[in-house]
Amino acid sequence: MSEEASKQVEAMSLEDKPAAAPDGAAAIPAEGGGEKKLSKNQLKKLAKGKGKKDKKDKPKWNQPGEGKKKKDDSKAKALSLPKPEFVNTTPKGHKKDMSATPMADAYHPQAVEAAWQDWWEASGFYSCDPKDAEGKSDDEKFVMVIPPPNVTGSLHLGHALTAAVEDTLTRWHRMLGHSTLYVPGTDHAGIATQSVVEKMLMKESNQTRHDLGREEFIKKVWEWKGEYGNRITTQLRKLGSSVDWSRERFTMDEMCSKAVIEAFNRFHEDGLLYRAERLGNWSCALKSAISDIEVDYIDLEGRTFREVKTHKGNPNDAKGRYEFGVLTSFAYPIEDSDEKLVVATTRLETMLGDTAVAIHPEDERYKHLHGKHVVHPFNGRKIPIVCDGELVDMAFGTGAVKITPAHDPNDYECGKRHNLEFITILTPDGAINHNGSQFEGMMRYDARIAVEEALKEKGLYVGKEPNKMRIGLCSRSGDILEPMITPQWYVNCSGMAKRSTDAVRNGELKIVPEEHEKTWFQWLDNIRDWCVSRQLWWGHQIPAWFATKKGEEGVLKTDMKNNDRWVVARNEEEAYTKAEKLLGCNRDEIVLERDEDVLDTWFSSGLFPFSVMGWPEQTDDLKAFYPTSLLETGLDILFFWVARMVMMGLQLTDKLPFHTVYLHAMVRDKDGRKMSKSLGNVIDPLEVISGCTLETLLAKLDAGNLPPKEVARAKKDQSEDFPEGIPECGSDALRFGLLAYTVQGRDVNLDMKRVVGYRLFCNKLWNATKFALQFVSDFKPTANILEEVMSSGKMAIRDKFMISRLMACCDSVNNCFKNYKFGDAQAASYSYWMNDLCDVYLELIKPVIKDTSEENKDSRWAAQATLWIALESGLRILHPMMPFVTEELWQRLPGRGTLGESETESIMLAKFPECNEAYRKPEFEQSMETTMNIVKACRSLRQQYNIANQVRTHFFVKVASGQPEDATKSQIDDIITLGKASVVDVNIDEDSIPKSVGIIVVDESTTVLMDIKGLVNYAAEIKKLEKQLAKNAGPMNQLEKKMSAAGYEANVADDIKTKNLENLNGYKKKAADIEEAIANFKHLEELEKSS
């Protein structure tokens, strides 16, 4: 979180409190409760009645304390206010009746946020007519598709950040008058969903999917989706996402499925899609191939033991773990010789599939073995010794390398160079198959142990040693991957990738932040063909059929020699037509068998920007809304999803699917860890919106699958962060808090306590508006009130200042939204409300509004008009970020329903405020800055001398001539109001200023003095200081005695002596400052007596 955002949370409180004294105006130490630690030189400055330049801090309603003081529990009190029982009486889809609901004394999120979402949705405010959008330029419309979350899960705070950013942009564009469409959807999540339903099936009926059969299992998945798949849509509605629910899509629905089939066929027709048998990544846990970018790598520094969930456990390890990170050496007997050839491997079980041993052709040690064979010790197979200068490093190990072409990428290439046999030794679930001799049926790592023992028995085992290595894990299952040769469907991506990189290089596609362009180029410039088939049941079944003639024998689909028998088609009818042509026979003679595999989930997701619009049909939506405007998502799926959308969009529609990609940062917890269920640090947005007890949070951890250590850590963290649970914060506070974290290019270390703190801002917004409404209760706004008041000639400087600050805020927020600087937009709007409107303007106009005399009529009207404009426009500025509370408050403003045809029914349809440069008045902002610096000095002096609130004081201001003097004199009334002054004299004769004054030097041109005669009990203040002096004397004298003791210089370490000397000097300095302050108070007392 930025420093500014941190200050925001600290500044929020329910009640106004006097501003803290600036550095040059320390408060007199309070009696009792221990000694207050005074800052450097404060006592001295207090005694002299002077202060250094007042720092230009932004005014806040409540200044955070410094040092080790008692915690201000106002925040805790605010969050734990008694929650009234709320019953939503608004019929679903109806507009909330403000007249029937009195404004509550405090902000309660549940009551405020009720009914609005249903009304917005039922009123059709989220939809967009394609007739209105078609033909409009990119600058006149905004279209975005949601990154479809997995239907299996629920949203976490990372998703909530995505929703906050996307909906903020959507609402902003809608308020700008653009044709706006935000399309929702969910992803069928092939692997995740199938896994969830399989576990449920086993738990409920002790059945596997194979027990049910494919058709019945798919029915079960659809049933599960219908029952549990709406959790995400519930969360999105709670977050206030203004998506067009009438266009909601699911990647397995009819529209998306049609697009998938069409895309597969077009890729095939264009020669980009093909079926091949290649070495790829195989997950034994999933029994499926996965793509290269679904691999997570971990580095092992040496010998490491790891749990393998698909195995029963290593009997040689107390915890059942298996050994990795070792290099095992063994010997192959050379045929017709007593000689042996030693090789080494990190995966000993793969020796069961060895089909060669490679040596370097120039290695003198092995020239006599050229053309010879070794003998496999377990099956007697003759294995050739091949010469390969490309693979073998003579200096590494023995200079001999075992070759397993079917299970290693480097060996695979070697096998192709030397036309070796490719022997697969594993079954789909990772057991040793029929090629593994006596080890058949063992799981792969159990076989590793057994092979080592068998080699020892044969005297062929040489030894093993620790070895650094990298292993690949399946990002879906966590399973250790195996390189396996399997027949799969592939898409050639090279041409599409080049078009995608060219689009960024020539500026057609913009990536924000642009620093991620390098990663884009690095990946796409080196792209490999995409393996798109998965050995699953849930997903888009591949539209390809294997064609044979009835009675035809020996034509197996697993044999790549019959690869030309595969027919790709849009449906079975079309497949028969193509098969008739392929086989040269009638349909009655043909047998079609559809490929059982399904497509990679990312295949359908890659089509999402145009499949949701009805592609391949030329629908009205496709014509009006495609290409879309923006793709907003997390950096972590730049290649999984974003790159594939761009490639597929360009190939299939010949258009970029969007012109800008905005990548928000990865959301991590406050300790910098990725938010993950496996770490127990995931928080459901609804737990923040509605509140959640600590017991519920902890129970959720117990119900999960975390290891005991992680459960304990997660419980400790949550108990420390939320000892009373998470208070009900509402959607607005959550959204506003998350936006504070959006700093481009940085990971977000999300401290939930900071986010919860923005609940206080909502409360402040509520209370300030409720208070301000009293001031405009008798005011009648007009449709052109801003123009009227600006041209009225009735405005005071404070009014012109307020409008100028409003214009500045409009300019800043619009520019921030335009440039995706959401954190800066949040800070600007926060500052406008807290500083300009609440801290300054509302306070300044109190006496103006209260004065209902005829002489004050014009000033009062101008103040009311300015306040109404500031409130109404301020709510519109906040609305994209905080939709619920702004709608509620906007609807409560006077004048609703009386402003003519231009007035909209909802704030979300109102025009977003824009800056009118003619109303920017820097000179009045500068004048107000001068005034507020003087006001702060007045407040600090009052606090310094403990002046009671009801006592008004006489101030004298010395200010440089020119603008500072003009500003001060023109705003004396404002200084009197905020400074609680009886009189403010500016630049009067020195002789007219009393001697008994408190002084603060504001800056080089301004000094403020306060007459303290009769206001200070000098005897009491002197008594307090004398107590402090006595308290300081004890440790000072004790330390002096210790330092003067015999042997101190010789026996005490230098660093301790240095520290002691520093402490002693500090005590002495403090004593001198207190004595000087006492002397000054005595002097002031004498002056007052003599005057």
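About the cut-offs
Residues take numbers from 1 onward in each chain, read along the sequence in its written order. Given that the model is predicted, a residue must reach a pLDDT of at least 70 before its local features are reported, and side-chain atom pairs must reach 80 or more before they are shown or counted; all residues, however, enter totals for whole chains, interfaces and linings. Here the side-chain values reflect all heavy atoms present in the structure, with hydrogen atoms and water set aside. Helix and strand assignments follow DSSP, with helices taken as H or I runs no shorter than four residues and strands as E runs no shorter than two, numbered in order from the N terminus. Working definition: with a 1.4 Å probe on protein chains only, accessible area under 20% of the residue-type maximum means buried, over 50% means exposed, and in between means partly exposed. Every residue pair with non-hydrogen atoms within 4.5 Å of one another is taken to be in contact. Values of accessible area rely on a 1.4 Å probe in the Shrake-Rupley scheme; residue burial ignores everything except the protein chains shown. Residues scored as positive are Lys and Arg, those scored as negative are Asp and Glu, and His as well as the terminal groups of each chain are ignored. The location of each charge is read from NZ of Lys, CZ of Arg, CG of Asp or CD of Glu. Each helix should span, by expectation, one fewer than its residue count multiplied by 1.5 Å. Only strands that DSSP links by at least two bridges are regarded as paired with each other. In this analysis an axis means a line fitted to C-alpha atoms, helices contributing only their contacting stretch, and an angle means the value between N-to-C directions, from 0 to 180 degrees. Salt bridges are defined as contacts in which a side-chain nitrogen from Lys or Arg sits within 4 Å of a carboxyl oxygen from Asp or Glu. In this description, a nonpolar core means a group of buried Ala, Val, Leu, Ile, Met, Phe, Trp, Tyr and Cys residues linked to one another through side-chain atoms lying within 4.5 Å. The labels follow the angle: roughly parallel below 35 degrees, roughly antiparallel above 145, roughly perpendicular from 65 to 115, and oblique for the rest. The pLDDT value tells you how sure the predictor is about a given residue, anywhere from 0 up to 100. Note on aromatic contacts: the rings of Phe and Tyr and the six-membered ring of Trp form a pair at centre separations within 6.5 Å, being stacked when their planes are under 30 degrees apart, edge-to-face when over 60 apart, and tilted otherwise. Charge-over-ring contacts are defined here by two conditions on Lys NZ or Arg CZ: a distance within 6 Å of the ring centre and an angle within 35 degrees of the ring normal. Take the far helix as the reference: if the near one is turned anticlockwise from it by less than a right angle, the crossing is left-handed, and if turned clockwise, right-handed. Note on residue classes: Ala, Val, Leu, Ile, Met, Phe, Trp, Tyr, Cys and Pro are nonpolar, Asp, Glu, Lys and Arg are charged, and everything else, Gly too, is polar.

Here's the deal with the overall build of the protein
On a plain count of helices and strands, the protein comes out with 38 helices and 33 strands. Dimensions of the protein along its principal axes, counting C-alpha atoms only, are 125 × 95 × 55 Å. Relative to its 1091 residues, the protein shows a buried fraction of 54%. The long-range fraction of contacts in the protein, counting pairs at least 24 apart against all pairs at least 6 apart in sequence, stands at 77%. On the protein, roughly 48,800 Å² of surface is accessible, and the fraction owed to carbon and sulfur atoms is 48%. When the 147 positive and 167 negative side-chain charges of the protein are each reduced to one mean point, those points stand 5 Å apart.

Here we look at helix α14 (residues 444–457)
For α14, with 14 residues, the first-to-last C-alpha span of 20 Å sits near the 20 Å given by 1.5 Å per residue. Residues of α14 that are buried include every one of R444, Y445, A447, R448, A450, V451, E452, A454 and L455, and no others. Residues of α14 that are buried make contact with β9 (322–324), β10 (326–333), β16 (461–466) and β18 (482–491). Of the residues one or two after α14, G459 is the one with positive phi, at around 70°.

Concerning the sheet that holds strand β23 (residues 566–568)
Spatial strand order, β23-β22-β24: three strands in an open sheet with antiparallel pairing. Edge positions in the sheet fall to β23 and β24 (590–594), since each of these pairs with one other strand and no more. The average angle at which neighbouring strand axes cross in this sheet is 35°, direction not considered. Alignment of strand β22 (residues 544–549) against β24, held across five bridges, turns out to be antiparallel. Paired with W545 across the strands is R594, a residue of β24.

Here's the deal with unusual backbone geometry
Cis rather than trans, the peptide bond between V512 and P513 has omega equal to -5°. Within the secondary structure layout, P513 lies in the loop between β19 (510–512) and α16 (517–524). With an omega of 5°, the peptide bond running from Y626 to P627 counts as cis. Here P627 is to be found in the loop between α20 (620–625) and β26 (630–634). One non-glycine residue with positive phi stands out, namely A189, at about 50°. As for its position among the elements, A189 is in the loop between β3 (185–186) and α8 (190–205). For A189, a relative accessible area of 4% gives the class buried. Notably, N946 is not glycine yet its phi reads approximately 55°, a positive angle. Tracing the sequence through the fold places N946 in the loop between α33 (922–944) and β30 (953–959). Classification of N946 by relative accessible area gives partly exposed; the value is 45%.

What to know about the pattern of salt bridges
Enumeration over the complete set of coordinates arrives at 67 salt bridges. As a salt-bridge pair, K92 and D118 come within 3.1 Å of each other at their nearest N and O atoms. Separated by 26 residues along the polypeptide, K92 in the loop between α3 (74–79) and α4 (109–113) and D118 in helix α5 (residues 116–122) bring together distant segments of the chain. Where D317 meets R321, a salt bridge forms, and the shortest distance between an N and an O atom there is 3.1 Å. Through salt bridges that share partners, E262, R266, E269, R570, E574 and K578 make up one connected network.

A look at the nonpolar core
Among the nonpolar cores identified, the biggest contains 114 residues, and M752, F761, W833, L837 and L867 are the most heavily contacted of them. Sort the elements by how many residues they give to this core and helix α26 (residues 752–775) lands first, with twelve residues. Once residues lying within four places of it in the same chain are set aside, the contact partners of W833 are F761, L765, T769, C838, L871, G874, L875 and L878. In this structure, V143, M496, L607 and F639 belong to the second largest nonpolar core, which totals 67 residues.

Topic: the packing of α16 against helix α21 (residues 638–653)
When two helices pack together, their arrangement is captured by the angle between the axes and the distance separating the axes. It is the contact of α16 with α21, at a shortest axis distance of 12 Å, that shows an interaxial angle of 75°. With respect to each other, α16 and α21 are oriented roughly perpendicular. Listed contacts from α21 to T519, W520, W523 and L524 of α16 are L638, F639, V642, A643, V646 and M647.

Details of the environment of I383
Relative to the helices and strands, I383 resides in strand β14 (residues 382–387). Assessed through its relative accessible area of 0%, I383 is described here as buried. What I383 contacts, discounting residues up to four positions off in sequence, is Y332, D354, T355, A356, V357, K372, H373, V374 and H376.

Things to note about the confidence of the model for the protein
Overall, the prediction assigns the protein a mean pLDDT of 88, with 91% of residues at 70 or greater. Here residues 1–7 scores under 50 on pLDDT; set against residues more than four positions off or in separate chains, the count is twelve contacts. Segment residues 9–72 is flagged for pLDDT under 50; beyond a separation of four residues in sequence, or across chains, it makes 136 contacts in the model.

Regarding the environment of N784
With respect to the secondary-structure elements, N784 resides in the loop between α26 and α27 (785–790). Sequence separation of N784 and K367 is 417 residues, and the distance between their C-alpha atoms is 97 Å.

Topic: the packing of aromatic side chains
In this description, a pair of aromatic rings is defined by centroid distance and the angle of the planes. Enumeration according to the criterion identifies 35 aromatic pairs in this entry. Relative to F761, the ring of F736 has its centre 5.0 Å away and its plane inclined at 10°; by these criteria the two rings are stacked. Highlighted residues: F736 in helix α25 (residues 730–739) and F761 in helix α26, separated in sequence by 25 residues. Accessibility expressed as a relative area gives 0% for F736, which makes it buried. Exposure remark for F761: the relative accessible area of 1% places this residue in the buried category. Sitting above the plane of the Y490 ring, R278 keeps its charged end 4.9 Å from the centroid. Over the ring of Y461 we find K456; its NZ or CZ atom is 5.0 Å from the centre of that ring.

Regarding the packing of α33 against helix α35 (residues 972–979)
Remark: α33 packs on α35, axes separated minimally by 9 Å, with the N-to-C direction vectors making an angle of 35°. Along this stretch, α33 crosses α35, giving a crossing that reads as right-handed. Seen from α33, the contacting residues are T931, M932, I934, V935, C938, R939 and R942; seen from α35, they are D974, I975, L978 and G979. Across the contact of α33 with α35, the residue classes break down as six nonpolar, two polar and three charged.

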